[in-house]
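Structural characterization, general
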Amino acid sequence: MTIEEQLKAHIEGAYAVDAEWGKSDCTPWAGEWLELRTGRKIEWPVQWSTQDEAMSIIGRAGSLVSLWDDYLFGFGLSQTGFPALGDIGVVDTGRIGQVGGIFLAGGYFVWRIKRGVMMIQPREIAGAWSIPR
């Protein structure tokens with residue numbers, strides 16, 4: 001299966017059930033993608049079950065990028081200034097703050113929302129990590 005086919009299936013899966021904090025919100029959803037691409041299990045170092053808990057954890061870390069960076073570096077991923085199709089990252093949406101997701105072709109970015117995904121062409125990439133091809 002090509003990366004495009006895998007990514008399409010991953011995105012389509014987000015429309016099957018509502019997102020759940022700590023299980024399938026934007027961070028674990030991007031983590032599932034990382035698992036699909038690397039074949040390695042990812043366990044985020046902290047757990048949350050509500051939006052308030054997630055915001056508290058992000059606040060203690062300093063930002064969503066800081067939370068991701070510490071763990072993803074240990075996982076073996078490095079940040080990139082030029083994210084490619086299938087790389088994961090954090091963008092600043094302006095209106096709702098930072099969100100984690102997956103980069104698409106053409107400079108687009110997709111993240112998990114309540115049911116499905118939201119796609120934008122981000123103005124500001126806060127952090128991006130290259131996934132091995």
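Scroll up to find the structure.
Residues numbered from 1 in each chain as written. Predicted model: local features only at pLDDT ≥ 70, side-chain atom pairs only at ≥ 80, totals over all residues. Heavy atoms only, no water.

A word on the packing of aromatic side chains. When we look at a pair of aromatic rings, we describe it by the centre distance and by the angle of the planes. In the structure shown here, the tally under the stated rule is five aromatic pairs. Geometrically, the ring pair formed by Trp-44 and Trp-68 is tilted, given 5.5 Å between the ring centres and 35° between the ring planes. With Trp-44 in the loop between helix 2 (26-38) and helix 3 (51-61) and Trp-68 in helix 4 (residues 64-75), this pair connects stretches of sequence that are 24 residues apart. Residues Trp-68 and Trp-129 carry aromatic rings whose centres are separated by 5.6 Å and whose planes lie at 40° to one another, so their mutual orientation is tilted. Taken as a pair, Trp-68 in helix 4 and Trp-129 in strand 5 (residues 124-129) lie far apart in primary sequence, 61 residues in all. Trp-129 sits in the buried class, given a relative accessible area of 0%. Within the aromatic cluster, the residues linked to one another by ring pairs are Trp-44, Trp-68, Tyr-71 and Trp-129. In this structure, Arg-40 packs its charged tip against the face of Phe-75, placed 3.8 Å from the ring centre. (Phe/Tyr/Trp six-rings, centres within 6.5 Å; stacked < 30°, edge-to-face > 60°. Helix = DSSP H or I, 4+ residues; strand = E, 2+ residues; numbered from the N terminus. Buried < 20%, exposed > 50% of the residue type's maximum accessible area, 1.4 Å probe, protein only. Lys NZ or Arg CZ within 6 Å of the ring centre and 35° of its normal.)

As a further point, take the side chain of His-10. Mapped onto the elements of the fold, His-10 is located in helix 1 (residues 3-13). Engagement of the side chain of His-10 in a polar contact is seen with the backbone oxygen of Trp-29, the distance being 3.1 Å. Setting aside its immediate chain neighbours within four residues, His-10 contacts Trp-29, Glu-32, Trp-33, Leu-36 and Ile-102. (Polar contact = N/O pair within 3.5 Å; in protein donor to acceptor, adjacent residues only side chain to side chain. Contact = heavy atoms within 4.5 Å.)

Right, let's talk about the pairing of strand 1 (residues 88-92) for a bit. Counting buried residues in strand 1 gives four out of five residues, a clear majority hidden from the surface. In terms of strand pairing, strand 1 meets strand 2 (residues 98-103) through five bridges, oriented antiparallel. Bridge assignment links Val-90 to a residue of strand 2, and that residue is Gly-100. The hairpin turn running from strand 1 into strand 2, its antiparallel successor, is five residues long, and Gly-94 in that turn takes a positive phi close to 80°. Bridge count for strand 1 against strand 5 is five bridges, and the pairing is antiparallel. Paired with Val-90 across the bridge in strand 5 is Gly-127. (Pairing = 2+ DSSP bridges.)

Turning to the packing of helix 3 against helix 4, a few remarks are in order. The contact between helix 3 and helix 4 brings their axes to 7 Å, and the two run at 75°. Our classification of the angle between helix 3 and helix 4 gives roughly perpendicular. Here helix 3 contributes Ile-57, Ile-58 and Ala-61 to the contact with helix 4, which in turn contributes Leu-64, Ser-66 and Leu-67. Along the lines of polarity and charge, the residues of the contact of helix 3 with helix 4 split into five nonpolar, one polar and no charged. (Axes fitted to C-alpha atoms, helices over the stretch in contact; angles between N-to-C directions. Parallel < 35°, antiparallel > 145°, perpendicular 65-115°, else oblique. Nonpolar A, V, L, I, M, F, W, Y, C, P; charged D, E, K, R; others polar.)

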